[in-house]
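Read off the chains here:
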Amino acid sequence: MGSSRDKEDAKTEGQRLSEELFFDIKNCWDTVSPEELGETREFAEGYKDFLDKGKTEREFTGLCVDMLKQKGFVEVESLGDGGGKLRAGAKVYQNIKGKSLVCAVIGGRPLEEGMNIVGAHVDSPRIDLKTNPLYEDSGFAFFDTHYYGGIKYYQWTTIPLAMHGTVVRKDGEKFRICVGEDPGDPVFTVTDLLPHLARDQMQKKASEFFDGEDLNILAGSEPFRDEKAKERVKLKLMGLLHEKYGMVEEDFSGAEIEFVPAGKTRDVGLDRSMVGGYGHDDRCCAYAAIRSILALADSPPPEKTLVCLLTDKEEIGSVGNTGIQSRFFENFTAYLCSRTLDHYSDIKLRRCLASSFMLSADVSAAYDPNYDSVYDKKTSSWFGKGMVLTKYTGRGGKYGGSEANAEFCQKVQALLNKNKIRWQFGDIGRVDKGGGGTIALFVAKLGVEVLDCGVPVLSMHSPFEVISKIDLYTTYKGYIAFLREA
Ligand code: MN
Ligand code: MN
């Protein structure tokens, strides 16, 4: 066994030169220390538990608010407009209608010098109910649905589904529904055709053999015992809903009821190196983001103001007053300016935004050898190789995406290198094979320097997405380094 010096001497010139000049993206499992390995597993356990409890944007936001309160963050509305200035180290948050969230740790330097922001989205593709959803057909009761986000319809058939929702009753009473997560609960499902009768169906293209309109959720089959009544299976269900929640049919029309895969997040693989579950996009980045600001909240006050931003509606274009295209983030920043600067002005707010740095924390499409033809191996992201930096998004000629500036990319790369955080590239796939976007372009509009980065995912937007535990942990460490040092 030779010393490392001997090994160095034994290298050829070409070997030495390629080590010096080539970018060698190593596998994190090869270099992780025993302590970090323990932390990686522990972090994944915390995440799994969180994901099981936070399956909708409202549930996830609620859990994050609880964590912020525990760490001493104060809701800005409770502070009002008067009172003293927010000093360095102050911890504040704003809950945007229970679906989005912004929080900050105030830094020592004036806000005009910019903030360090990590932003993710907390909505995930799912099946929503229509406004008049409950109907009866041939002895069955079904819920009629309209899917949310980009899904492959057929993946959502023949799996157990759970019902999560928020309903405001006719009398103004608001309540939450969750059926299908407790082991004793019933679940729901969308049926599919048996292979024996699927000859015609199997000839169709995948985009056609199951129709979005046919995502009808099986909800019941037992009729109300009164042969004189109409729609007796539907009536029986309506009766159960009324008994439990005081609901009448009209209450469905404004309700937010979401069907998501039922059951818990699981370890994947004999080696337990991966996590499988619903909603990794983008809750794995959202969890890493909120944990990263919490990890810094107890330290001495930061130099720059740190922000974590969790937003709704990314999967349908960041629209609505809880999506990032609305002005909730600008409003929050204006509030911070007004409570920290001597004289608030709009130009100071604009300056603050234009000098800020942000990681748009979102998942990337991991290279999948089973579908090699759509990936470009040279620029794909890989399981086990750490945090993914995605310089640009968009489709066909980078259209509709966001592209980070070279200077900012280098800044992020340098700070990750300095902190020994493994990172890799991650373009979504081969040119003209498709594409995607994130919240980055909408924040970039404000002048913020933005770079997309996050965790590589397999089977994205499916009911059972898979990530690597070490990528999740590496990304969390990367967000901490960015917030602290950018
Ligand atoms: Mn996403
Ligand atoms: Mn997505």
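As a starting point, this report considers the structure included with it. (Residues numbered from 1 in each chain as written. Chains lettered and ligands numbered in written order. Predicted model: local features only at pLDDT ≥ 70, side-chain atom pairs only at ≥ 80, totals over all residues. Heavy atoms only, no water.)

Re the packing of helix H4 (residues 34–53) against helix H10 (residues 280–297)
Turning to step 1, where the next piece is worked out: Running from N to C, H4 and H10 point in directions that differ by 120°, and their axes come no closer than 11 Å. Taken together, the axis directions place H4 and H10 in an arrangement best described as oblique. Both H4 and H10 take part in a crossing whose hand is right-handed. Taken together, the residues of H10 that come into contact with H4 (itself represented by Phe43, Gly46, Tyr47, Phe50 and Leu51) are His280, Arg283, Cys284, Tyr287, Ala288 and Arg291.
Turning to step 2, where the next piece is worked out: For the contact of H4 with H10, a count of residues per class yields seven nonpolar, two polar and two charged. (Axes fitted to C-alpha atoms, helices over the stretch in contact; angles between N-to-C directions. Helix = DSSP H or I, 4+ residues; strand = E, 2+ residues; numbered from the N terminus. Parallel < 35°, antiparallel > 145°, perpendicular 65-115°, else oblique. Left-handed = near helix turned anticlockwise from the far one by under 90°. Contact = heavy atoms within 4.5 Å. Nonpolar A, V, L, I, M, F, W, Y, C, P; charged D, E, K, R; others polar.)

Structural notes on the sheet that holds strand S22 (residues 465–468)
Turning to step 1, where the next piece is worked out: The strand order across the open sheet formed by five strands is S11-S12-S22-S21-S15, and the pairing between neighbours is mixed. Every interior strand has two partners, whereas the edge strands, strand S11 (266–268) and strand S15 (364–365), have only one.
Turning to step 2, where the next piece is worked out: In the sheet, S15 pairs with strand S21 (residues 456–458) via two bridges, with the strands oriented parallel. Residue pairing for S21: serine 364 is matched across the bridge by proline 456. (Pairing = 2+ DSSP bridges.)

As for the coordination of the manganese ion (ligand 1)
Turning to step 1, where the next piece is worked out: Here the manganese ion (ligand 1) is held by His121 (NE2), Asp281 (OD), Asp362 (OD) and Asp362 (OD), and the distances to it run 2.2 to 2.6 Å.
Turning to step 2, where the next piece is worked out: Each donor residue of the manganese ion (ligand 1) belongs to the same chain, with the gaps between them written as H-x159-D-x80-D.
Turning to step 3, where the next piece is worked out: Between the two metals, the manganese ion (ligand 1) and the manganese ion (ligand 2), the spacing is 3.4 Å, and aspartate 281 donates to both. Of this pair, histidine 121 sits in strand S4 (residues 115–121) while aspartate 362 sits in the loop between strand S14 (357–361) and S15; the two residues are 241 residues apart in sequence, bridging distant segments of the chain. Summarising the burial analysis for this pair, histidine 121 and aspartate 362 share the class buried. (Donors = N, O, S within 2.8 Å, 3.2 Å for Na, K, Ca; no water. Buried < 20%, exposed > 50% of the residue type's maximum accessible area, 1.4 Å probe, protein only.)

Focus: the pattern of salt bridges
Between side chains of opposite charge, a pair can form when the charged atoms approach closely.
Turning to step 1, where the next piece is worked out: The final tally for this structure, using the stated rule, is 35 salt bridges.
Turning to step 2, where the next piece is worked out: For lysine 53, the salt bridge identified is with aspartate 49, shortest N-O distance 2.9 Å. Taken together, the residues span about one helical turn, with lysine 53 and aspartate 49 both in helix H4 at a distance of four residues.
Turning to step 3, where the next piece is worked out: The exposure class of lysine 53 is partly exposed, given its relative accessible area of 48%. (Salt bridge = Lys/Arg side-chain N within 4 Å of Asp/Glu carboxyl O.)

Quick look at a nonpolar patch on the surface
Turning to step 1, where the next piece is worked out: A cluster of nonpolar side chains, namely Leu17, Leu21 and Phe22, defines an oily patch on the protein surface of about 350 Å² accessible area.
Turning to step 2, where the next piece is worked out: Tracing the chain through its elements places leucine 21 in helix H2 (residues 13–21).
Turning to step 3, where the next piece is worked out: Leucine 21 sits in the exposed class, given a relative accessible area of 59%. (Patch = residues over 30% accessible without salt bridge, like charges linked within 9 Å, V, L, I, M, F, W, Y side chains within 5 Å. Areas by Shrake-Rupley, 256 points an atom, 1.4 Å probe, with all protein chains shown as cover.)

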